[in-house]
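Per-entry structural report
In case you want the letters, here they are:
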Amino acid sequence: AELPPTFFIICSMSTTPATALVVVAGVVLMLHIIKKVGGSSAKFFIQQQKAIGKTEGFVEEMMNGQKVIKVFCHEEESEKAFDAINDELFHVSETANKYANTLGPILNNIGNLLYVAVALAGSLFLIFKLPNLSISRLPFSISIVVPFLNMTKQFAGNINQVSQQINAVVMGMAGPERIFGLLDEKPEQDE
């Protein structure tokens, strides 16, 4: 069973505030990266939905006007116009998925680096026999560092999972914006 993040924070502050500060610094870095990469991902997923709308609209127009295109010999122009719209869709889709798919590995590696940083900090605290300034008043020992390392790994994993869920929500929210915009359109008056 996974421990809730608040439990981790309370335990870490009560057992060793010094190593908890290392974790807090790593979490701040993770949140900054989530904001930067996730924001870029969201921007391109919204652009992707707009490009899908353009592509679908263009294809619908061409299918309905197929006879007119053939009569006026506009096949090549229509094909070039479709290629341009399709290339735009490909570009924004590729970029959106690049951002979305790189967030998990980046956060996973930062979690691993955070684990190493906590292990190094804990070992330095043990080597230099730093006093434990915690509420528990337990002496700083290996029996405090090892469980703290496990909690750090679990905490970083939880942040990674939440960021992936947020990414899925962003992808899901990009589509309804286009659909609701279509539903809000006023019907054309037949004159």
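The following refers to the structure shown. Quick caveat, the model's predicted, so the values are computed rather than measured.

Turning to the packing of helix α2 (residues 17-64) against helix α5 (residues 142-183), a few remarks are in order. At a minimum axis separation of 9 Å, α2 and α5 run at an interaxial angle of 20 degrees. Between α2 and α5, the angle falls in the class roughly parallel. Crossing hand, α2 versus α5: right-handed. Residue composition of the contact of α2 with α5, by class: 16 nonpolar, eight polar and three charged.

A separate point is the pattern of salt bridges. Under the definition given, this model contains one salt bridge. Put simply, glutamate 88 and lysine 54 hold a salt bridge, and the shortest N to O gap is 3.5 Å. In this pair, glutamate 88 sits in helix α4 (residues 75-127) while lysine 54 sits in helix α2, placing the two residues 34 residues apart along the sequence. The class for glutamate 88 is partly exposed, based on a relative accessible area of 34%. Accessibility expressed as a relative area gives 46% for lysine 54, which makes it partly exposed.

Counting 23 residues, the largest nonpolar core has Val23, Met30, Leu103, Phe148 and Ile159 as its most contacted members. Looking at this core, the elements with two or more residues in it are α2, α4 and α5. Per-element tally for this core: the top contributor is α5, with eight residues. Not counting residues up to four positions away in its chain, the partners in contact with isoleucine 159 are Val27, Met30 and Ile34. Counting nine residues, the second largest nonpolar core, distinct from the first, contains Phe45, Ala51, Ile52 and Leu89.

Before going further, it helps to spend a moment on unusual backbone geometry. The phi dihedral of cysteine 73 is positive, around 55 degrees, even though this residue is not glycine. Position of cysteine 73 relative to the elements: it lies in the loop between α3 (66-71) and α4. Assessed through its relative accessible area of 57%, cysteine 73 is described here as exposed.

Tallying each qualifying case throughout the model produces two aromatic pairs. Here the aromatic rings of phenylalanine 44 and tyrosine 99 are separated by 5.8 Å at their centres, their planes lie at 15 degrees, and the arrangement is stacked. Of this pair, phenylalanine 44 sits in helix α2 while tyrosine 99 sits in helix α4; the two residues are 55 residues apart in sequence, bridging distant segments of the chain. The exposure class of phenylalanine 44 is buried, given its relative accessible area of 13%. Ring centres of phenylalanine 58 and phenylalanine 82 lie 6.3 Å apart, and the angle between their planes is 25 degrees; on these two criteria the pair is classed as stacked. Of this pair, phenylalanine 58 sits in helix α2 while phenylalanine 82 sits in helix α4, and the two are 24 residues apart along the sequence. Given the relative accessible area of 16%, phenylalanine 58 is considered buried. If you follow lysine 153 out to its NZ or CZ, it ends over the ring of tyrosine 115, 5.8 Å from the centre.

Reading the values: rules and limits
Residues numbered from 1 in each chain as written. Predicted model: local features only at pLDDT ≥ 70, side-chain atom pairs only at ≥ 80, totals over all residues. Heavy atoms only, no water. Axes fitted to C-alpha atoms, helices over the stretch in contact; angles between N-to-C directions. Helix = DSSP H or I, 4+ residues; strand = E, 2+ residues; numbered from the N terminus. Parallel < 35°, antiparallel > 145°, perpendicular 65-115°, else oblique. Left-handed = near helix turned anticlockwise from the far one by under 90°. Nonpolar A, V, L, I, M, F, W, Y, C, P; charged D, E, K, R; others polar. Salt bridge = Lys/Arg side-chain N within 4 Å of Asp/Glu carboxyl O. Buried < 20%, exposed > 50% of the residue type's maximum accessible area, 1.4 Å probe, protein only. Core = buried A, V, L, I, M, F, W, Y, C linked by side-chain atoms within 4.5 Å. Contact = heavy atoms within 4.5 Å. Phe/Tyr/Trp six-rings, centres within 6.5 Å; stacked < 30°, edge-to-face > 60°. Lys NZ or Arg CZ within 6 Å of the ring centre and 35° of its normal.

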